[in-house]
Amino acid sequence: MTKTRSLTLMREALVLLDRGGNGATIVACHLQAAKDAAEGAKPLRRSEEIDDDLTCEFGDAGHVARDKQGEEG
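Residues numbered from 1 in each chain as written. Predicted model: local features only at pLDDT ≥ 70, side-chain atom pairs only at ≥ 80, totals over all residues. Heavy atoms only, no water.

1. Quick look at the side chain of Lys35
Topologically, Lys35 is positioned in helix 2 (residues 26-39). Each residue touching Lys35, except ones within four places of it in the same chain, is listed here: Leu7, Met10, Arg11 and Leu14. (Helix = DSSP H or I, 4+ residues; strand = E, 2+ residues; numbered from the N terminus. Contact = heavy atoms within 4.5 Å.)

Right, here's the structure in full:
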């Protein structure tokens with residue numbers, strides 16, 4: 001399987017997880033990390049970090065991920 005095809009499948013899987021309401025699960029987090037690594041994404045620098053006040057509309061994604069992980073396990 002080519003890298004391009006792998007990345008396409010990872011993007012599609014993330015969309016399906018988001019649409020199914022599972023976008024903040026540990027599975028989605030690991031998949032996003034794998035996609036980022038395959039694309040050569042670098043970690044955010046301090047100047048690039050997202051302000052917590054701007055993410056309030058998404059809720060506590062870590063909390064959701066922990067809850068979902070408990071449901072899966």
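From this point, the narrative continues.
2. Topic: the nonpolar core
Among the nonpolar cores identified, the biggest contains six residues, and these are Leu7, Met10, Leu14, Leu17, Ala28 and Leu31. Sorting the residues of this core by element identifies helix 1 (3-19) and helix 2 as the ones contributing at least two each. A total of four residues in this core trace back to one element, the largest contributor, which is helix 1. Once residues within four sequence positions are removed from consideration, Ala28 is found in contact with Leu14, Leu17, Asn22 and Gly23. (Core = buried A, V, L, I, M, F, W, Y, C linked by side-chain atoms within 4.5 Å. Buried < 20%, exposed > 50% of the residue type's maximum accessible area, 1.4 Å probe, protein only.)

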